[in-house]
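A closer look at the structure
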Amino acid sequence: MELQLLRTYFAGGTNGELCCDGRRLCYTIELPWKDNTARVSCIPSARYRLAKRYNPKFGRHLQVLDVPDRQCILIHPANNALSELEGCIAPVTILTGEGKGGQSRIAFLRLTNLVYAAFARNETIFIDIKNKLP
């Protein structure tokens, strides 16, 4: 399975549209681009493999693997990138501003249900992150 994330960068955060097979699954929010600096920047645009992950804080979620110079980049619920993210990606149902959205848990559940079903079929999951062209 291949997910596509098309990003738009703003000073207050990065907004995106997450698609699968040409269909929008949800929107995303991330930190602004600050040269891939840990905890304050979104990750570089590239193609990454995703893995299943579980921890008590987020429960079932996803990890973005092999991000250059970064560790433990996750996909998990959040509605405000600047106050809730440290480089991770948050799916949201609606965008409400730069790096801000709403109804993240609904979007996250839709995404994880799709991706975990693909994992159950022994598929390898990738996310291809690209910059949205003007």
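Preceding this paragraph is the structure being described.
Now for a description of the structure that goes with this document.

Calculation rules
- Residues numbered from 1 in each chain as written.
- Predicted model: local features only at pLDDT ≥ 70, side-chain atom pairs only at ≥ 80, totals over all residues.
- Heavy atoms only, no water.
- Buried < 20%, exposed > 50% of the residue type's maximum accessible area, 1.4 Å probe, protein only.
- Helix = DSSP H or I, 4+ residues; strand = E, 2+ residues; numbered from the N terminus.
- Pairing = 2+ DSSP bridges.
- Contact = heavy atoms within 4.5 Å.
- Salt bridge = Lys/Arg side-chain N within 4 Å of Asp/Glu carboxyl O.

Thoughts on the pairing of strand E2 (residues 13–20)
- Burial of E2 is extensive: seven of the eight residues sit out of reach of the surface.
- Counting the residues in the hairpin turn of strand E1 (residues 2–10) and E2 gives two residues.
- Alignment of E2 against strand E3 (residues 23–30), held across seven bridges, turns out to be antiparallel. Counterpart to leucine 18 in the pairing with E3 is cysteine 26.

Quick look at the environment of threonine 8
- The topology assignment puts threonine 8 in strand E1.
- Between the alpha carbons of threonine 8 and isoleucine 106 there is a distance of 22 Å; along the sequence they are 98 residues apart.
- The contacts of threonine 8, once residues within four sequence positions are left out, are Gly13, Thr14, Asn15 and Lys132.

Topic: the pattern of salt bridges
- Enumeration over the complete set of coordinates arrives at six salt bridges.
- Arginine 47 is paired through a salt bridge with glutamate 2; the nearest N and O atoms lie 2.9 Å apart. Note that arginine 47 is positioned in strand E4 (residues 47–55) and glutamate 2 in strand E1, a separation of 45 residues in sequence.
- The class of arginine 47 is partly exposed, set by a relative accessible area of 47%.
- Given the relative accessible area of 25%, glutamate 2 is considered partly exposed.

Note that all results are geometric; they support no functional claim without further evidence.
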